[in-house]
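Notes for the structure review
If you want the building blocks of each chain, they are given just below.
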Amino acid sequence: MNNMRMLAEEEENDDGTEVTWEDQQRINTFSKLNTRLRSIEERLEELRQEKEALDDLSTELELTDEDESVLYKIGESFLHLPQPRAMKRLEKDQAVLSAQVLDLSAGAEQCEKEMKELKVTLYARFGRAINLDE
């Protein structure tokens, strides 16, 4: 039964590196940043899909007559709007969505930057004893 090992002896890292309070804080910060980054990435995907839907809607609205009334979704309800007014509203919604995508992308980049710095510090301290990759 002693032959069953998960790691080879040379891969076992039992060098007794003590985890200090500061190290634990860095690990916790890395975990929080990782969770935040995953959340941002999910939200970015939702916004990209919404942006694609708005782009498709823009194409459809351009094909309608200007004197036609169209149904436009605002929140959870649909309103009848004249085509020119719907186009203006659509342009405004697209601009807001683009700004949200830019803000979230900047937030994701900041998280990745901080995570990279923490990885360097933690891997330098713990080597193979810690796994910070997914």
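Going by the structure above, here's the rest.
Right, let's walk through the structure included here.

**Regarding the overall build of the protein**
Scanning the protein from N- to C-terminus turns up two helices and two strands. Each helix and strand of the protein, ordered N terminal to C terminal, gives the series α-β-β-α. Put simply, 62% of the contacts in the protein that link residues at least 6 apart link residues at least 24 apart. Split by element, the accessible area of the protein, about 10300 Å² in all, is 49% carbon and sulfur.

**Notes on helix 1 (residues 21-63)**
Taking 1.5 Å of rise per residue, the 43 residues of helix 1 would be expected to cover 63 Å, and the 63 Å separating its terminal C-alpha atoms lies within 8% of that figure. All of the buried residues along helix 1 are Asp23, Phe30, Leu33, Leu37, Ile40, Leu44, Leu47, Leu54, Ser58 and Leu61. In this structure, the buried residues of helix 1 make contact with strand 1 (69-74) and helix 2 (83-126).

**Notes on helix 2**
The end-to-end C-alpha separation of helix 2 is 62 Å, in line with the 64 Å expected for 44 residues at 1.5 Å each. Positive backbone phi, at 60 degrees, marks Gly127, one or two positions downstream of helix 2.

Cut-offs used in this document
Residues numbered from 1 in each chain as written. Predicted model: local features only at pLDDT ≥ 70, side-chain atom pairs only at ≥ 80, totals over all residues. Heavy atoms only, no water. Helix = DSSP H or I, 4+ residues; strand = E, 2+ residues; numbered from the N terminus. Contact = heavy atoms within 4.5 Å. Areas by Shrake-Rupley, 256 points an atom, 1.4 Å probe, with all protein chains shown as cover. Expected span 1.5 Å × (residues − 1). Buried < 20%, exposed > 50% of the residue type's maximum accessible area, 1.4 Å probe, protein only.

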